[in-house]
Amino acid sequence: MTGLVALLAREELRQALTPYTLEGPYGRFLDADEDRLSGVDVLTFEMEELMALPGLVAPVLTYLFHALEGRFDGRPTLLILDEAWVFLDDPLFASRIREWLKTLRKKNVAVIFATQSLADIADSEIALTIIESCPSRIFLPNPRALEPTQSETYRRFGLNDTQIRLIAEAFPKRDYYLQSRAGNRLFELGLGPVALAFAAASSPEDRLLIEAILAESGAGEFAEHYLAARGLQPAANLISTFKQVSDASA
């Protein structure tokens, strides 16, 4: 009887794991002979395709959370969770994030939440933990901030009527409102055309241009070709001159 129970248990386990092997629909994401996560200093995970497969979100994020925790060894680390609703909507991951916010500081890890809607955080079951553990907050301009439901959400983050009005009247894609223990103020980055060419290149057209230049010139000469294509030839010339000087010095 014991052998039969063990056999049934193994069969149930096999059936549960099959979708995540090469025999199932998700094998290309999770089935491999070895862990292929890179050991480089910067890791980025694009979640768009993953979010289109709800049955895959939980196992992949569980694995990634486990793998990331193994890298938190005391070195200064920045953990950025973009589109935070993905993690806050699921009780399993919300619980893990609550634990991280309370313990990762001891491992020299700073956590950044990024979300397009404050309600994602305010309505989360761990909202209090997030608000208490993230004293530095940057709010983007929101013309609807003065609407009753919106302003109430801002107040949950400790903002008063004057601060909410500043956010409502701020200039989109230029102004930001900082709330921190050191003080609060509206600011703008004041980026020049060269910085904006890199930091603000996010449109589909920008990506096509970047891919075309990389394919033609390669990564080594990307910067100067890219700046030239964006109409910033003087900056491109400076990079070329710097490379020539560096090569001559070597």
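Here, the structure is the one placed above.
So, how was this worked out
Residues numbered from 1 in each chain as written. Predicted model: local features only at pLDDT ≥ 70, side-chain atom pairs only at ≥ 80, totals over all residues. Heavy atoms only, no water. Helix = DSSP H or I, 4+ residues; strand = E, 2+ residues; numbered from the N terminus. Buried < 20%, exposed > 50% of the residue type's maximum accessible area, 1.4 Å probe, protein only. Polar contact = N/O pair within 3.5 Å; in protein donor to acceptor, adjacent residues only side chain to side chain. Contact = heavy atoms within 4.5 Å. Pairing = 2+ DSSP bridges. Arc of directions from axis to C-beta. Axes fitted to C-alpha atoms, helices over the stretch in contact; angles between N-to-C directions. Parallel < 35°, antiparallel > 145°, perpendicular 65-115°, else oblique. Left-handed = near helix turned anticlockwise from the far one by under 90°. Nonpolar A, V, L, I, M, F, W, Y, C, P; charged D, E, K, R; others polar.

Describing the side chain of S124
Its location among the elements puts S124 in the loop between α7 (118-122) and α8 (127-133). You can call S124 buried: its relative accessible area is 10%. At a separation of 3.1 Å, a polar atom in the side chain of S124 contacts the main-chain amide nitrogen of I126.

Observations concerning the side chain of Q179
Summarising the element assignment, Q179 is placed in strand β4 (residues 175-180). In this structure the side chain of Q179 is engaged in a polar contact, spanning 2.9 Å, whose partner is the backbone oxygen of F157. Excluding its chain neighbours within four sequence positions, the residues that come into contact with Q179 are P135, S136, R137, F139, F157, G158, L159 and N184.

Here's the deal with the pairing of strand β5 (residues 183-188)
By the bridge criterion, six bridges tie β4 to β5 in an arrangement that is antiparallel. Of the residues in β5, the one forming a bridge with Y177 is L186. Connecting β4 to the antiparallel partner β5 that follows it, the hairpin turn spans two residues.

Points about helix α10 (residues 161-169)
When α10 is considered as a whole, its buried residues turn out to be Q163, I164, I167 and A168. Down the axis of α10, the buried set is contained in an arc of 140°. They therefore lie on one face. Along α10, the residues that are exposed and aim more than 90 degrees away from the buried face are T162 and E169. Those residues of α10 that are buried are in contact with β3 (137-139), α9 (148-156), β4 and β5. The distance from a side-chain oxygen at the start of α10 to the backbone nitrogen of T162 is 3.1 Å, and the residue carrying that oxygen is N160.

Looking at the packing of helix α4 (residues 54-69) against helix α6 (residues 91-103)
Pairs of packed helices are described in terms of their axes, by the angle between the two and the distance that separates them. α6 packs onto α4 with a crossing angle of 15° between their chain directions and a minimal axis gap of 11 Å. One way to sum up the angle between α4 and α6 is to call them roughly parallel. Note on packing geometry: the crossing formed by α4 with α6 is left-handed. Across the interface between the two elements, V57, A58, L61, T62, F65, H66 and E69 of α4 pack against L92, F93, R96 and W100 of α6. Class assignment of the residues belonging to the contact of α4 with α6 gives a composition of seven nonpolar, two polar and two charged.

Description of helix α13 (residues 222-229)
Those residues of α13 that sit buried are F222, E224, Y226 and L227. Once α13 finishes, G231 follows within two positions and takes phi at roughly 80°, a positive value.

Remember, this is a structural readout, not a statement about activity or role.
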